[in-house]
Amino acid sequence: MAAAEREVKCEGSLQPELRSFAVDPQITSFDVLQHILIRAFDLSGKKNFAISYLSQEKASQEVYLTLQSDWDLDVAFSSLSRAHLQLKVDIKPSEDSPLLEDWDIISPKDVIGSDLLTPEKRSFTATALPLTQSIISQVGRTISKVQQVLSWSSGEEAVKPFMPPLTDAEFHTYLNHEGQLSRPEELRLRIYHGGVEPALRKVVWRYLLNVYPDGLTGQERMDYMKRKTREYERLKGEWGSRASPEDLEFVTGMVLKDVLRTDRAHPYYAGSEDGPHLRALHDLLTTYAVTHPCVSYCQGMSDIASPILAVMDHEGQAYICFCGIMKRLESNFQMDGEVMARKFAHLKLLLRRSDPDFHAYLLSAGADDLFFCYRWLLLELKREFAFDDALRLLEVTWSSLPPDPPDQEVELTGPPLPPSADQPAPSRHRLMVRPARGEGGDAGPQPPGFRDFEGPGTGEPQQAPCPPGKTWPGVKKSASAPALNPPPEPPAADEGADGQAALPPPQEFGRGNPFALFLCLSLLLEHRDQIMRGGMDYNELAMHFDRLVRRQNLNRVVHRAKALFADYLQSEVWDSRGGEQAAAAESPDCS
């Protein structure tokens, strides 16, 4: 509840006007509050007004503090000593002040409800049905044949822009009168088509990252986040009791090494190496490592956490969201590399089916293993685009997945290390982080082709990961690089209606994130003609993509990926048994 009074400066004969209204602190931004006050007091066209809130000082003295940003509003809500927030609106006419325009309210459009679902699509889990069918209906209409997409090349065809991003006012239409999210699939579909306004990401990303249990009201969400933040602060204070001094020093050193070169060109992480945002990123990653010993810390995790912290701008809330996304991504960092190997197999299968000629070229160039795409699959293409474009890419990718809220609440800790028969008290040292190849013959296995992506402290890309059996020009092949065993002869895979090997179904394709595979395919096809015309070998191809780190064209890649994804869903070229058999033929033996 918020109560506001309007005080008009230079018009002393008028009595203050009073209004009261209810807001949800969890979803009300400063922009939304301004809009509410404009409507409540009919302030449209007023040249200038200021907002302040009543605060209780330590000496029981009440003072009005200026309210100018989302941060101020968070402080105002968190410091409430009453059941309501009391605001004051001061109108200050000034010839120099700019005209305050009213907001345009965007209503929900092009949302197809679950009543339009067709029975034949019900194999993609009940929670994903409205999202999947709507993607088919809306994106599939734009391009009817996948060949139209495959024939795109730079400059040949205008790319349709994104829909306008989701706004605060529109987001409210997906909530019921108690502030509960009532249409989660339709909200994801809306974000899939247009993304989210930057000021709203702090609120909406928590839903996309499956932080909230189902059914929470606005007040319950606020209480939930406060409680989980206190839990994080407690865990952060337990580093010493959860890890030995040696292990903790090892982990913090490895985390710091990556933090100091993660997104340093972005203003949020620029400046001194001991800046508060770098410390926050370091601390949340270290806390995750010591509280999740079976996963620990691996290079690349800082890239996953960095955009979340920059959006949340709050260490505790960023950690909660990071735990939410790592529930899905932690398998990418497993020591056995099985999940990443399966993703490579699926991407190879998709490329072979989508563009046989390009696949044949890569095969002849010795690049059909696609290991130069390792960074793409591990980080879901976060590094391939400029930072702000990457934020849009991430939220669109997350929105393509069906909602998966926690049953009770998001877990902030993981299971302990399992006891070992030959080592009853296992050392955390080697499980905390895997050292790079060449730092010791007894180090745990690295995922194929994984090396440092950036030069120390510079934030600038170096050479791409070089897979086993490949060498850079003038670089001696490493004897310690693990070899990939050839796969066993697989059973014959079922064929689709077109005679090609079937793809896995959406809930299996890309290990549960099929759209990410189509983003990778789209990025490959974006450079297909240049690669083939230039006759690039593996090393030239890998370095070509390294030169384009943070420089890829978001609109072109995403729109092509959406059209390819819609064609996949619509054509039903997938079969669970046949798709996995075909993928097995592409996959190394990970046993």
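The coordinates are above.
Residues numbered from 1 in each chain as written. Predicted model: local features only at pLDDT ≥ 70, side-chain atom pairs only at ≥ 80, totals over all residues. Heavy atoms only, no water.

A.B. asks: I'd like a description of the nonpolar core, backed by residues and values.
C.D. replies: One finds L285, F322, M326 and F372 to be the most contacted residues of the largest nonpolar core, which totals 112 residues. Filtering out sequence-adjacent residues up to four positions away, F372 remains in contact with A367, L524, Y538, L541, A542 and F545. By size, the runner-up hydrophobic cluster in this structure holds 18 residues, among which are L33, F41, F49 and V89. (Core = buried A, V, L, I, M, F, W, Y, C linked by side-chain atoms within 4.5 Å. Buried < 20%, exposed > 50% of the residue type's maximum accessible area, 1.4 Å probe, protein only. Contact = heavy atoms within 4.5 Å.)

A.B. asks: Give a detailed account of the packing of helix α11 (residues 276-291) against helix α12 (residues 301-312), specifying residues and quantitative values.
C.D. replies: With their axes 10 Å apart at the nearest point, α11 and α12 run at an angle of 125° to one another. In terms of orientation, α11 lies oblique with respect to α12. Judged by the twist between their axes, the crossing of α11 over α12 is right-handed. On the side of α11, the interface is formed by H277, A280, L281, L284 and L285, while α12 contributes M301, S302, A305, S306 and L309. Here the contact of α11 with α12 is composed, by residue class, of 7 nonpolar, 3 polar and no charged. (Axes fitted to C-alpha atoms, helices over the stretch in contact; angles between N-to-C directions. Helix = DSSP H or I, 4+ residues; strand = E, 2+ residues; numbered from the N terminus. Parallel < 35°, antiparallel > 145°, perpendicular 65-115°, else oblique. Left-handed = near helix turned anticlockwise from the far one by under 90°. Nonpolar A, V, L, I, M, F, W, Y, C, P; charged D, E, K, R; others polar.)

A.B. asks: Could you give an account of helix α21 (residues 538-547), naming the residues involved and the relevant values?
C.D. replies: Residues three or four positions apart in an α-helix share a direction because the helix packs 3.6 residues into each turn. Along α21, 7 of the 10 residues are buried, which leaves the element largely enclosed by surrounding structure. Those residues of α21 lying buried are Y538, N539, L541, A542, H544, F545 and D546. The inward-facing, buried residues of α21 abut α15 (356-364), α16 (374-379), α19 (514-526) and α20 (528-534). With a side-chain oxygen positioned 3.2 Å from the backbone nitrogen of N539, the residue opening α21 is D537. (Polar contact = N/O pair within 3.5 Å; in protein donor to acceptor, adjacent residues only side chain to side chain.)

A.B. asks: Now, about the pattern of salt bridges: what can you tell me, with residues and values included?
C.D. replies: Within the structure shown, the criterion is met by 24 salt bridges. Residue E409 pairs with R227 through a salt bridge whose shortest N-O separation is 2.9 Å. One end of the pair, E409, is in the loop between α17 (387-399) and α18 (429-432); the other, R227, is in helix α8 (residues 218-236), and 182 residues separate them in sequence. When its relative accessible area of 36% is taken as the criterion, R227 is described as partly exposed. Measuring nitrogen to oxygen at the nearest pair gives 3.0 Å for the salt bridge that ties R528 to D529. R528 sits in the buried class, given a relative accessible area of 17%. For D529, a relative accessible area of 30% corresponds to the partly exposed category. (Salt bridge = Lys/Arg side-chain N within 4 Å of Asp/Glu carboxyl O.)

A.B. asks: Describe the pairing of strand β3 (residues 49-56), naming the residues involved and giving the relevant values.
C.D. replies: Note on strand geometry: in a regular strand, side chains alternate between the two faces of the sheet. Of all the 8 residues making up β3, 6 are buried; the element is thus mostly covered by neighbouring parts of the structure. Bridge count for β3 against strand β5 (residues 85-91) is 5 bridges, and the pairing is antiparallel. Opposite I51, over in β5, you have V89 as the bridge partner. Inspection of the sheet shows β3 paired to strand β4 (residues 62-67) by 6 bridges, in the antiparallel sense. Bridge pairing links Y53 to L65 in β4. (Pairing = 2+ DSSP bridges.)

A.B. asks: So what's going on with the packing of aromatic side chains? Which residues, and what values?
C.D. replies: Between two aromatic rings, the relevant description is the distance of the centres plus the angle of the planes. All chains considered together, the criterion is met by 20 aromatic pairs. Centre to centre, the rings of F518 and F565 are 5.5 Å apart; their planes meet at 45°, and the pair counts as tilted. Linking F518 in helix α19 with F565 in helix α22 (residues 554-571), this pair joins segments that are 47 residues apart in sequence. Summarising the burial analysis for this pair, F518 and F565 share the class buried. (Phe/Tyr/Trp six-rings, centres within 6.5 Å; stacked < 30°, edge-to-face > 60°.)

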